[in-house]
Amino acid sequence: MKVFVTRRIPRPGLDLLKKEYTVEINPHDRVLTKEEIIKGIRGKDGLLCLLTDPIDKEVITAEPKLKMIASYAVGYDNIDVAVATQQGIPVSNTPGVLTETTAELAWALLFSVTRRIVEGDTFTREGKFKGWAPMLMLGQDVTKKTLGIVGTGRIGTAFALKSKGFEMNVLYTDEQRNEQLERELGAKKVPLSTLLKNSDFVSIHVPLTKATHHLIDEKEFHMMKKTAVLINTARGPIINEKALVKALKEQWIFGAGLDVYENEPEIPMELKNLNNVVLQPHIGSATVETRTKMALMAAENMSRGLKGNIPPNCVNKEVFLRKSTT
Ligand code: DGY
């Protein structure tokens, strides 16, 4: 069987695939267009894609042989899973292996903003440091402050647990109670408005869905403390970027740390011009160890799916239920 891979991923994953399948990899070091993906999957049984690929109805239905879609990411908002399910195609993701890595980046962003690390680095390199000064680069303490976590799935929970050393008061929103956080941190489940009004730091960890699109908009920014810091390592469209620019420019909040954007890779110039925001190029899971684990996991999912088995990280298991009843 043949597999199309939309971008070169760490070698151990590709080697695993090559043991069993004929593998064709995007030869360019760039994101493919939809037309190129459609061309790439021609005659292929499997598609290994990235979060940057628009895997919509047109792509999914383009190749009748297509039997498996393995994504090299945990978030799969770029894939029309409903269409894949209708077509009887399993879709898989890479949960778990990137949890701690993404939570670590959220903390790195939180400290970068509160202690003005990027501004301080630029200031120092530019030769502006003329010696210790009482009012130089004043930031904010983290210890004993209130941490608000929007969404306590795997990454939100890992992020919250890492606050232990900072003796923080933890608030969270989620559809379900998170007993682990309540037990280990004394965390309280509250409505989003309560969380926004009371948190010093708000970190977003919900998946992007219709319900979470623009979850944080002008109204929500107005609820936040003037000293609040907002961190987003989830998906850009969860925050209305225009409202965020306004909130940062007019200092409704202290600052923001972002790894994701509304229209990646576009970032509004207005956002880039602000110094109370730290910007990263969507690197939440970008460590050697984690990206290798993601590659192996995606390859393993692909291999199981192409053999007609339920891939270990299948997000539409109903495909198999349907198969077993027909
Ligand atoms: C994911 O896997 O969804 C992450 O955004 C990758 O960094």
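The following paragraphs examine the structure supplied in this document. (Residues numbered from 1 in each chain as written. Predicted model: local features only at pLDDT ≥ 70, side-chain atom pairs only at ≥ 80, totals over all residues. Heavy atoms only, no water.)

## Some details on the sheet that holds strand β7 (residues 169–173)
- Spatially, the 7 strands line up as an open sheet ordered β8-β7-β6-β9-β10-β11-β12, and their pairing is parallel. Looking along the sheet, the strands with just one partner apiece sit at the ends: β8 (188–189) and β12 (277–279).
- Strand direction decides the pairing type here: strand β9 (residues 201–204) and strand β10 (residues 229–232), joined by 4 bridges, are parallel. Within β10, the position partnered with Phe201 by the bridge is Val229. (Pairing = 2+ DSSP bridges. Helix = DSSP H or I, 4+ residues; strand = E, 2+ residues; numbered from the N terminus.)

## So, the sheet that holds strand β4 (residues 68–71)
- The strand order across the open sheet formed by 5 strands is β2-β1-β3-β4-β5, and the pairing between neighbours is parallel. Taken across any chain shown, the strands that pair with only one partner, and hence form the sheet edges, are β2 (22–25) and β5 (91–92).
- Where β4 and β5 come together, 2 bridges link them in parallel fashion. Its bridge partner being in β5, Ile69 is matched across the sheet by Val91.
- The sheet contacts of helix α1 (residues 11–20) involve β1 (2–5), β2 and β3 (46–49), and relative to β2 the element is tilted by about 140 degrees. (Contact = heavy atoms within 4.5 Å. Axes fitted to C-alpha atoms, helices over the stretch in contact; angles between N-to-C directions.)

## Section: the pattern of salt bridges
- Across all of its chains, the model carries 22 salt bridges by this definition.
- In this structure, Asp56 and Lys34 form a salt bridge, with 2.5 Å as the shortest nitrogen-oxygen distance. Taken together, the residues span a long stretch of sequence, with Asp56 in the loop between β3 and α3 (57–60) and Lys34 in helix α2 (residues 34–40) at a distance of 22 residues.
- Two residues, Arg116 and Glu119, come together in a salt bridge whose shortest N-O distance is 2.9 Å.
- The exposure class assigned to Arg116 is partly exposed, which follows from its relative accessible area of 23%.
- A cluster of three or more residues bridged by salt bridges with shared partners is formed by Lys34, Asp56 and Glu58. (Salt bridge = Lys/Arg side-chain N within 4 Å of Asp/Glu carboxyl O. Buried < 20%, exposed > 50% of the residue type's maximum accessible area, 1.4 Å probe, protein only.)

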